[in-house]
Amino acid sequence: MRLPGRRLLLAMVALLLLAGAPLRAQQYSLQNYDRKAGLESLTITALLQDRRGFVWAGTEMGLYRFNGGNFERMGVAQGFDKGEYVTTMAQDPRDGLLWVATQSGLRRGDGMHFTKVEPNGQPLVVDVGRPLVMLDDGRVLLVRNDELMALSGDGRGKDGQGQPWRLQPMFDAAQLAALPALRRITTAYLAQGRLWLGCGTAVCSLDASGHGQVVLHGPRQGVPADGWMGMLLDRAGNLWLRGTRHVSVRLAGATRFTARDLPESATGVVKDDGRFVEDRQGRVLTTVNHGLARWSDAGWTLIDSRKGLPDININALMFDTQGSFWLGTYGRGIARWAGYGTVEGWGETQGMQGLPNWSILRADATHMWFGNELGGSVLEHGKTRLQPWPVRIDPLPRQALSLAKAADGGIWIGLYDHRLLRFDPASGGTRLVARLPAFIKTLRVDRQQRLWIATVNGIYYLDGEDAAVQRVAAAQTTDRQCSDIAEGDDGTLWFACNTGVLRYAGGQWSRMQTRGKGPVAGFSAVAVDADGSLWLGANEPGVWRASVQGDQLDIAPIVDAWLDNTLAYFIRRDQRGWIWVGGGGGVDIFDGRYWTHLSRDEGLLWDEADQNAFFEDTDGSVWIGSPVGVSHILHPQEMVARSPHTVAITSVTQGDAPVEAGGEVNMDGHAAPLTVRYAVLGGAANGNPRFRYRLSGSDWVDTHSYVINFTGLSSGNYRLEIQALDDDHRTTSASTYVDFHIPRPWWEMWWVYLVEMLLLALLLAIIWRWYSRRLLRQNRQLEALVSGRTAELTEEKRELERTRAELYQQATHDSLTGLHNRRAILERLAARLESPGRHAAGLAVGLVDVDHFKRINDTFGHQAGDAALLTIAQRLQSQLRDGDRVGRYGGEELLVVLPNISRKAAIERMATIQSAVSAQPHRWGAQHFTVTLSIGMVWIGDEAASVEDVIRRADTALYQAKHRGRDRVSEFMSG
C-alpha cells in the first residue's frame, strides 16, 4: 500500500534522522597521547603503520614515531629539520620505504633515516591533504598546484648507478584540453588496477599506466558535483567516494554510484581531505564535524563526544594490525580507542543511574538487569538507553547487592538493608519475602531451585517460593560473614566465609580443614573448576587453588605478579572453563594455560570491578560491573589472544655519531656514552611494557626506559640483548641483539707494558734498599688500620641495631597511619586478655569504623581518603592515655584497647574519643568535609575471653552502631 505524499515525505525525513542520530548505545575507553607522551604538536595531520609495525604520526611540527609507550620526533639525525609541517604519508608496498610530504619538501626513508627527494635539486612540495599513490611500475603520483604529477627515479644519479629524480605531468596538453577537469586534481587513489581521481567537481578514472582513456564520472553515473577528497575500496569490493557534502559508493559489480550521504549537520565543516577506514567487521568509517560516522546496513551511525571521543575535529584515522583504532585530532593529540569492536560500555550517559553497579542478571532473552547503589536499571535488546527497573515496593530498594533468577523467571533481589525481595515478571509485582537479621552478601539458586543466601552473620536458605526463610544452624556452619557461593558440576555447594570454606553435599555440612599456605583472614570468593578443585579469593591480596581431599583442602597460592597484589572481589568459571578474577586493579583471565590481565588499556570502562558484578551471557559474552558502569566484553577470545611483542632497535649512537652494527666504540674516558634506543612492536599500545637487558655474560637489568646508556666498559667484543616483558599477558619477547666492539686504549699497548716492566724493576730496587724502613712504617700503619677497623665494626654494630629497630617498626606498624598494624594490635589485645592483673579494673575494646569512607574516595579520590584516615589516626592517638593502644585493624577500621578501666569509665571514654574525633573537620585542597566514626565497644571484666570472641562482640556492636544511624558508640550487650 502506498503512502500519501505528505506521509511519505515525513517517513523519509524520519528515516534520515534515525540514520544520522548520534549513537547513544555505548561509551568507550580512550588512551590519550599528548605532550606528556612526547607530542610537541597536538594537531595531527596523518597516521600510518608501516609493515614492521611502527606507528607514525604526522603533525604541524614534525614526524613522530611511536616506541610502544611514547612518541619520538624525527630530528636532524633522521633527516628532518625542526618544526616541519607533515601533510601526508605513504609506504611503498614494493620496498617498504616511507614517503613523507612536508611543507618544506618530500622525503623518503627506511624509518630510521630519510633523504630529501629533490628533482633538479629543488624541494618538492605536495599540495596539503593530497595523497601519494605508488604505481606498480615504480612511479609515485602526487598533486602539486592541483596538477597530477608522476615522480620516477631513485635519486642516486649516474655516480650512484641509479636514476636521478624526474618529475613530469601525468597528462599532456591534448588530454588537458580534451578534459579540462584534469587541471584540478583533488585526490588520487589506486584500486583494482585503475587510477581514480577527484577532478574538478567530478570523478575520473583511467588505467593505472596512465596511457588509457580517461573516463569521467558525473551525475549521470551517480556522482553529484562536489569537491571529491577521499576514496576507499573496501574488502567487499565497494568503492567509496567522500566529498565536502556528499558520500557515494559503487557497489561491487555495479556500474553506477549510489548516494550514501551523511546528515547535513555532520558535514557543515569543509575539509581539504576525506578520511575513510574500514574496521575488522567490514564497516566503513569517516570523519564528520565533531566525531565519526560509521556505515552499516542500517545506515550511518554518528559517534561523538557523548561517547568519550574528543570534542574536537578528527583529522586522521587508522586501524593498526592489532585492531586498535587510532584517532588523530586537531589540537588534542592522539587517542587510541581501546577495545574497539570488542568491548561496549554502559554507564551514566546511557541512563545507568545509581552507580556503582553491584550485580548483573539476564532476566529473559531481551532484558538485562543491573543492580546498583540506588536500585537498578534494565537494558532491553536493541535499545540504546537503559531504563529504571520495574521493582516497586515501599521503601524503595537501594543497594541491590545480588540478583538471582528462579526457574519460573522470578527474580530474587538481595539488599543491603537486609530485605529479600522477589519480582514476578508475569504480574510485574514485587513482594517482600523476608527481612534478615543482617545484610545480604550474595544469592544463589542451586540446581534443586533452592535459594541460598549468604549474609554477614551466617547462611540462610529458602526452599520454594512460598516457603519461609530458614537459617542454617551456626553449629553446623558459622555465624560469621559468608561472601560467596559456588556450585560444582556435581551439585556440591561451596561457601566462602570469614571462618573458612564450607561444603554442603548430600544434605550434610562440612567445615573444610586447610593444609598448606593459605590466607589468614578468611575467604571472600570461590569458584569450582571442572575437576572439582577450588579457586579461592580472600580478605587479603592473592588467589589460591585448592584440591579437595575428603574434608580437607590442600591449598596453595597462585604465584603471579598481578594476582599477588589483587584483592579478589569475584572469582567465576565460565562455560569455556576459563577462570575470571575481578579486583581493584582490573580483571584477570585464566584460559587453562595462560593468564591475561584486562584494564582500561584493553577497553574496560574502569579498572576496579565490583563484587557479584560478573555475568556470562548466553552467547558467551561477559558483563563486568564497576564503579562507573558496566563493560560488555563481546568477544572474550579476542581479549586473551596472545600477540607477542618484538623489540626493534631504532638507533645506536655515540654522541651524535651513529654506530653501525658491530662497529667500534671508543670509551677511553673522554668520549660520549654509547646510547641505544629501541621500541616495542606488536600490541605495543596496550599499556607501558617493561624491558630487560644484559650484556653477554652479565645479569639481567629491568627497566621501563626506552634508552640505555653505557659508559666505562673495558675493551672487548660485546653483545647487548634486549627483551620486552608484557605483564598483562605474562610473556617475554624474543631477544633483540646489538653487537659492538671496544678497542684497547693506548695504555694497553705492548710498548706501554715494556715501559711499565722497566719502571717496576727500578721500583723494586728502591723498595729493597729501603725495605726495613718501609716494614717498620707498614707495622705502624697496620696498627692504625686495626684501630680504625675496630671503630668501623663498632659503628656497623650500632647501624645493625638501628636497622633491626626500623624493621621491627615496619613489621608492627601500619605504613599509612603509623599505628600498630593488625597483627601487632591483636597481639597486644591477646597479651592484655592473658595478663593476670587484667581482672583488677577491667578491659575495654573498641572497633572503630569510618562512616561512609567510600564516599570520600569516590568524591575526592583515594589520596584524600588516605589523608583523612591519617588525620583520624592522629586524632585518636591524641585522645589515648598512657598504656592505651590503637591499631589499624583493616581498611578504614581501627581497634582501640583501653586497659585498667571500669565499664562506666570505658563508655564515657569511648564516647569522648568518638565525639572529639568526629567533631573536627577535614580539609583536602579547597574542600572541607567532616568524617564521623562508629564504635562498637565491648567491656571485659573478670570473665575469660579470647581475642576472637572479643573481636566478634565488638564487630556485632559496631554493626548495631551502623544500623542505628552511625556516628555513635554502641556497647555489646549479651543476650
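Basis of the calculations
Residues numbered from 1 in each chain as written. Predicted model: local features only at pLDDT ≥ 70, side-chain atom pairs only at ≥ 80, totals over all residues. Heavy atoms only, no water. Pairing = 2+ DSSP bridges. Helix = DSSP H or I, 4+ residues; strand = E, 2+ residues; numbered from the N terminus. Axes fitted to C-alpha atoms, helices over the stretch in contact; angles between N-to-C directions. Disulfide = S-S within 2.5 Å. Buried < 20%, exposed > 50% of the residue type's maximum accessible area, 1.4 Å probe, protein only. Phe/Tyr/Trp six-rings, centres within 6.5 Å; stacked < 30°, edge-to-face > 60°. Lys NZ or Arg CZ within 6 Å of the ring centre and 35° of its normal.

**Q** How should I be thinking about the sheet that holds strand β5 (residues 71-73) in this particular structure?
**A** Strands pair in a sheet through their backbones, by hydrogen bonds, and they do so in one of two ways: parallel or antiparallel. Strand order in the open sheet made by the 4 strands is β2-β3-β4-β5, with antiparallel pairing throughout. Edge positions in the sheet fall to β2 (44-49) and β5, since each has one partner strand and no second. With strand direction ignored, the average angle separating the axes of adjacent strands in the sheet is 25°.

**Q** What's the story with the state of the cysteines in this structure? I'm lost.
**A** By definition, a disulfide links the sulfur atoms of two cysteine residues through a covalent bond. One pass over the full model with this rule turns up 2 disulfides. A sulfur-sulfur distance of 2.0 Å marks the disulfide that ties Cys 199 to Cys 204. Judged by the sign of its S-S torsion, about 90°, the bond between Cys 199 and Cys 204 is right-handed. Per residue, the accessibility class of Cys 199 equals that of Cys 204, and both read buried. Across a sulfur-sulfur distance of 2.0 Å, Cys 482 and Cys 497 are joined as a disulfide pair. Around the S-S axis, the bridge from Cys 482 to Cys 497 shows a dihedral of about 100° and counts as right-handed. One end of the pair, Cys 482, is in strand β42 (residues 482-487); the other, Cys 497, is in strand β43 (residues 493-497), with 15 residues separating them in the sequence. Each member of the pair, Cys 482 as well as Cys 497, is classed as buried. Counting its disulfide-bonded cysteines in sequence order, the chain shows a connectivity of 1-2, 3-4.

**Q** Got a minute to help me understand the packing of aromatic side chains in this structure?
**A** Aromatic ring pairs are defined here through the distance separating the ring centres and the angle between the ring planes. Within the structure shown, the criterion is met by 43 aromatic pairs. Seen from their ring centres, Phe 66 and Phe 71 are 4.8 Å apart, and the 40° between their planes marks the pair as tilted. The residues Phe 66 and Phe 71 share a single accessibility class, namely buried. Consider the rings of Tyr 504 and Trp 509, whose centres lie 4.7 Å apart with planes at 45°: the pair is tilted. Three or more aromatic residues joined by ring pairs form one cluster here, namely Tyr 28, Phe 319, Phe 325, Trp 337 and Tyr 340. One cation-aromatic arrangement involves Arg 642 over Tyr 594; the distance from NZ or CZ to the ring centre is 3.7 Å.

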